[in-house]
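Here is what each chain is made of, one letter per residue.
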Amino acid sequence: MTHFIAPLVIFLIFVVVRSMRSGSGGSSSPAASAPARRAPVSFDAAAYGLVPREALDARRSGPPQSERAREESQELANTVWGGDWRAAAAYIKAAGTDWDEHWNRFELLRAIAREDDAWLTKWRDADPGDCDAATLEADLMVHRAWAVRGSGYAREVPAERMAEFRALLPAAIEAAQRATRLAPENPGPWVVMVTAARGAQYQPDRFRPLWAGLVARAPHHYEGHWQGMQYWCAKWFGSDKQMTEFAERAMDGAPAGSPLAGIYLHALSELRERRSALPIGPEARQRLWAVADALAEVPADNDKLPGLRQLLAYYLGEAAMYEAAVEQFRLIGRWCGAEVWADQGDPVEAFHAARAVAVTKAGLKPLPPEERPTKNTDAAYH
């Protein structure tokens, strides 16, 4: 059987992960759809240093992975599918104690294993004391449980599927607990448990020790904080206030160069999804300025950065911080395939309209012709 990694990763990200992130334990409102906007026909984005409308690309939220990176991922997949589990072990261990990078690599191994996990079975049999292999096994159990459950709200999931889902998760948590004993310093098993906790109906008194275990090992783990924020949102075991305060604490503690401050933007998106009021006033505006400053220090090749810039541009516009929003639109370039635009209908039109509003409300003057993006030069569009 011939495998290719690209379709696999697309399946993983857009089906399973979105199911885990959107499924609700309660009866929340469906996602909000902002009213569609259209930019005036006369609006010339290039006159303000922005990518022309005809060059916008809604296929993704940021530049595609480099050809070399795609080839390396495919080569790794082919190697492990061929039975060489040692390549997977070496790949993830090369991240050392950079736990965010470690998790990024872990997610690629998960994607490979979701297509064919015979190599993982060999790895577990050959090296039962390897924490990464044990964690990956537990993590796959969580994702398979969520695949059974699906992405609907709890009231929409058939009883038999919900029962199977609830039966699978305790075994996954037990597997992750066993993995913690294999490498006590590794936060990976704790991320798995934090992820599984809400589906397993852990009340706060059971969740808090899991969270403490995670942050004791990786205080600024991005994925761990994303999952923690989900636990404390109103559709699970918290409230809008608890979720927002959690995100603010994460943001305030984020080290320079980390995308962790962007968790605050995801909290705003949870509020928007529930049609709850967004924070307003000077403190809320200061938060957005602080997120912009934090993202300016994140390395340009960080895979979280493009999506976070899309959210930041949107929420700066919602907060009437128009000039700052224009700056984010310039940094984003041609890419507009983010959910915040897609859920308004046509993502290209929504993105282009938001730029037009920001430019107009900011009162910006057109750039001299020689400083505008070149319409037939791809490099000008990032």
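What this report covers is the structure whose coordinates are included nearby. Note that this is a predicted model, so its numbers are computed, not measured. (Residues numbered from 1 in each chain as written. Predicted model: local features only at pLDDT ≥ 70, side-chain atom pairs only at ≥ 80, totals over all residues. Heavy atoms only, no water.)

1. Looking at the overall build of the protein
To be explicit about the condition: Numbering of helices and strands runs from the N terminus, with a helix taken as a DSSP run of H or I at least four residues long and a strand as a DSSP run of E at least two residues long. Think of it in three bands: residues with accessible area under 20% of the maximum for their type are buried, residues over 50% are exposed, and the middle band is partly exposed, with areas taken using a 1.4 Å probe on protein chains only. Contacts are residue-level and defined by heavy atoms, with any inter-residue pair within 4.5 Å sufficient. All accessible-area figures derive from a Shrake-Rupley calculation using a 1.4 Å probe, and residue coverage is judged against the displayed protein chains alone.
Along the backbone of the protein there are 17 helices and zero strands. Taking all 382 residues of the protein together, 50% fall into the buried category. Summarising the internal contacts of the protein: among those between residues at least 6 apart in sequence, 73% fall at separations of at least 24. Accessible area of the protein: about 17500 Å², with a carbon and sulfur share of 52%.

2. Focus: the nonpolar core
To keep it simple, the criterion reads: Buried Ala, Val, Leu, Ile, Met, Phe, Trp, Tyr and Cys residues form a nonpolar core when they are joined through side-chain atoms within 4.5 Å.
Counting 109 residues, the largest nonpolar core has I112, W119, W123, L265, L288, F329 and W341 as the members making the most contacts within it. Non-local contacts of L288, meaning those with residues more than four positions away in its chain, are made with Y264, L265, L268, L312, Y315, L316, A319 and M321.

3. A look at helix 10 (residues 222-231)
For an α-helix, the turn length of 3.6 residues means that residues three or four places apart are oriented alike. Where burial is concerned, most of helix 10 is hidden: ten out of the ten residues are buried. All buried positions along helix 10 are accounted for by Y222, E223, G224, H225, W226, Q227, G228, M229, Q230 and Y231.

4. Here's the deal with the packing of aromatic side chains
Using the following cut-off: Ring geometry is summarised as follows: Phe, Tyr and Trp rings, the Trp one being its six-membered ring, pair when their centres sit within 6.5 Å, and such pairs are stacked at plane angles under 30 degrees, edge-to-face over 60 and tilted between the two.
Tallied over the full model, the rule gives 18 aromatic pairs. Considering the side-chain rings of F207 and W211, the 6.5 Å spacing of their centres and the 15 degrees angle between planes classify their relative orientation as stacked. Of this pair, F207 and W211 both sit in helix 9 (residues 204-217), separated by four residues, roughly a single helical turn. Taken individually, F207 and W211 each receive the classification buried, so the pair is uniform in this respect. Each residue in the set W146, F165, F207, W211, Y231, W232, W236, F237 and F246 is aromatic and connected to the rest through ring pairs, giving one cluster.

5. Notes on the pattern of salt bridges
Just so we agree on the cut-off: Here a salt bridge means any side-chain nitrogen of Lys or Arg lying within 4 Å of a carboxyl oxygen belonging to Asp or Glu.
Throughout the structure, instances matching the rule amount to 21 salt bridges. Note that K235 is salt-bridged to E270, the shortest N-O span being 3.4 Å. On the criterion of sequence distance, the pair formed by K235 in the loop between helix 10 and helix 11 (240-253) and E270 in helix 12 (residues 263-273) is long-range, its members being 35 residues apart. Given the relative accessible area of 3%, K235 is considered buried. With a relative accessible area of 7%, E270 lands in the buried category. Here D303 and K304 are joined by a salt bridge, their closest N and O atoms 3.4 Å apart. Taking the relative accessible area as the measure of exposure, D303 reaches 52% and is therefore exposed. Connected via shared salt-bridge partners are R38, R53 and E349.

6. Overview of the packing of helix 5 (residues 118-126) against helix 6 (residues 131-149)
Any two packed helices are characterised by the angle at which their axes cross and by the distance between the axes. Counted only if it meets this: Angles here are taken between N-to-C directions and fall from 0 to 180 degrees, while the axes themselves are lines fitted to C-alpha atoms, restricted in helices to the stretch in contact. Put simply, angles under 35 degrees are roughly parallel, angles over 145 are roughly antiparallel, angles from 65 to 115 are roughly perpendicular, and the rest are oblique. Helix crossings fall into two classes, left-handed where the near helix is turned counterclockwise from the far one by less than a right angle and right-handed where it is turned clockwise.
Contact geometry for helix 5 and helix 6: axes closest at 9 Å, N-to-C directions at 135 degrees. Viewed along their axes, helix 5 and helix 6 adopt a mutual orientation that is oblique. The element helix 5 and its partner helix 6 pack so that their crossing is left-handed. Mapping the contact onto sequence places W119, L120, W123 and R124 in helix 5 and D132, A133, A134, L136, E137 and L140 in helix 6.

7. Topic: the environment of Y231
Stated precisely, the cut-off is as follows: Here a polar contact is recorded for every N or O atom pair within 3.5 Å, except that within protein the pair must consist of a potential hydrogen donor and a potential acceptor, and residues adjacent in sequence are included only if both atoms are side-chain atoms.
Here Y231 lies in helix 10. Once the C-alpha coordinates of Y231 and A196 are considered, the two residues, 35 residues apart in sequence, prove to be 9.7 Å apart. Here the side chain of Y231 touches Y202 through a polar contact of 2.6 Å, landing on its backbone oxygen.

8. A look at unusual backbone geometry
The phi torsion at R275 lies on the positive side, around 60 degrees, for a residue other than glycine. Position of R275 relative to the elements: it lies in the loop between helix 12 and helix 13 (282-296). Classification of R275 as exposed rests on a relative accessible area of 57%. Positioned with a positive phi, A320 is a non-glycine residue whose angle comes to about 65 degrees.

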